[in-house]
Amino acid sequence: MGFLDTLGQMGVLFLMVIIGFTCHKLKLMNDTFDRSLSVLIINVTAPCIILSSVMGDTLPGREEILPVLILGTCTLVFMLIVGIICAKLLHSSEEGIYRFMFAFGNINFIGLPVTSALFGTYAIFYISVLTIPFNFFIFLLGQLFISSCRKDKSDTKAKIELNWRMVLSPALSATYIVIVLVFFQIHTPKIIGEAIHLVGYMTIPASLLVIGSTLANIKVLEMFGNWRIYVMSLLKLLAIPALIWAIYSVSPFDKRYTDVLVILSAMPVASYGTMICLKENIDPKTMSQGTFMSTLLSIITIPLLALIL
């Protein structure tokens, strides 16, 4: 995938963010609408896009599920640990949000088209397997990270604890169903698969519209004036993926797996972060800044990283 191809892919995503920004300025979108739409994304459209990953004509083969699942999970755990350390070093009052931004990349909306163009159609299979641990972590630990940033610490909802409702959230429940469908090689009826696909595809434009709308509340100087966002973006988009590449380059693992994982580790901040902030009634300003800036800079960093593979 060439530089211009990557630029074009990112340009499409940015255009949707700009449309959301414009809609907010024209009062077609507001904070209340953004919050309601975010709840719909988290509880309905996101679970559908997870389910749609295994509702096509073919299912992932059993023989490659385990190695991809193990390597992908190890990579995610590594990013979680490094993210916690890096977020601590930034000395921010919103440490939980920075933990989220370091740990979780936009593998669904940007990672899918980028990796499939770089490596071919087999990369789509790897991503579909990786989404199992990714969705588990992002909708469990990711939500805990963000919830830790509640300003009202006396709020009983602010307590960071694991409960059965989080384990059985719509997104995680969809992930469990995906595991069952793949393990038992169950093919869903075409009519159900198409309906799930259509609802799931709403996630991409809807989330980008919400990000654009939330950015409309931030002054231009504030959007580009947070030094921590630049440090986070540099580490997330280049330093951490380069470290993962260095580790895998001396490992015995198949490069078909590791190269895809390196590129996925270099994805910009997951847009789910802004949705979770709004759902949890937490100021999405910093998360929106990180999502915007990391996506903008990834136009340069992803092609640079691809050159070393």
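Source: prediction; values computed, not measured. (Residues numbered from 1 in each chain as written. Predicted model: local features only at pLDDT ≥ 70, side-chain atom pairs only at ≥ 80, totals over all residues. Heavy atoms only, no water.)

> Give me the packing of aromatic side chains: which residues, what numbers.
Here the structure, examined in full by the defined rule, presents six aromatic pairs. A connected cluster of aromatic rings, assembled from ring pairs, spans F100, F104 and F134. (Phe/Tyr/Trp six-rings, centres within 6.5 Å; stacked < 30°, edge-to-face > 60°.)

> Help me get a handle on the nonpolar core, residues and values and all.
In terms of nonpolar packing, the biggest core is built from 92 residues, with F100, M101, F104, I138, F139 and M287 touching the most fellow members. Examining the composition of this core, we find that 10 residues originate from one element, helix α6 (residues 122-138), more than from any other. Once residues lying within four places of it in the same chain are set aside, the contact partners of I138 are F100, F104, Q143, A270, Y272 and I276. (Core = buried A, V, L, I, M, F, W, Y, C linked by side-chain atoms within 4.5 Å. Buried < 20%, exposed > 50% of the residue type's maximum accessible area, 1.4 Å probe, protein only. Helix = DSSP H or I, 4+ residues; strand = E, 2+ residues; numbered from the N terminus. Contact = heavy atoms within 4.5 Å.)

> I'd like to hear about helix α13 (residues 227-249), residue by residue, with values.
Between its terminal C-alpha atoms α13 stretches 32 Å, which fits the 33 Å expected from 23 residues at 1.5 Å a residue. When the local axis directions of α13 are compared, the greatest deviation, roughly 40°, occurs at L235. For α13, the capping residue at the N-terminal end is N226, with a side-chain oxygen 3.1 Å from the backbone nitrogen of R228. (Expected span 1.5 Å × (residues − 1). Bend = angle between axes of the 7 residues up to and from the residue. Polar contact = N/O pair within 3.5 Å; in protein donor to acceptor, adjacent residues only side chain to side chain.)

> Give me empty space enclosed by the protein: which residues, what numbers.
To find leftover empty space, one rolls a probe the size of a water molecule over the atoms. Within the structure shown, the criterion is met by three cavities of 30 Å³ or more. Forming the walls of the largest cavity are 13 residues, and the residues nearest its centre are L76, M79, I107, L264 and S265. Residue assignment for the lining of the largest cavity shows that the elements contributing at least two residues are α3 (62-89), α6 and α14 (255-265). It is α3 that provides the largest number of residues to the lining of the largest cavity, a total of four residues. In the lining of the largest cavity, the residues fall into nine nonpolar, four polar and no charged. Estimated volume of the second largest cavity: approximately 70 Å³. Contributions of two or more residues to the lining of the second largest cavity are made by α1 (3-25), α11 (203-215) and α16 (285-307). (1 Å grid on protein atoms, 1.4 Å probe; cavity = no way out; pocket = protein on both sides within 12 Å on 5 of 7 lines; lining within 4 Å. Points joined across faces, edges and corners; volume = space filled by probe spheres on them. Nonpolar A, V, L, I, M, F, W, Y, C, P; charged D, E, K, R; others polar.)

> Now, about the pattern of salt bridges: what can you tell me, with residues and values included?
This structure, assessed with the given rule, holds six salt bridges. Two residues, K88 and E95, come together in a salt bridge whose shortest N-O distance is 3.5 Å. K88 gets classed as partly exposed once you look at its relative accessible area, which sits at 47%. Note that K255 and D259 form a salt bridge whose closest N and O atoms lie 3.2 Å from each other. Of this pair, K255 and D259 both sit in helix α14, separated by four residues, roughly a single helical turn. Each member of the salt-bridge network shares a partner with another, and the members are K88, E95 and R99. (Salt bridge = Lys/Arg side-chain N within 4 Å of Asp/Glu carboxyl O.)

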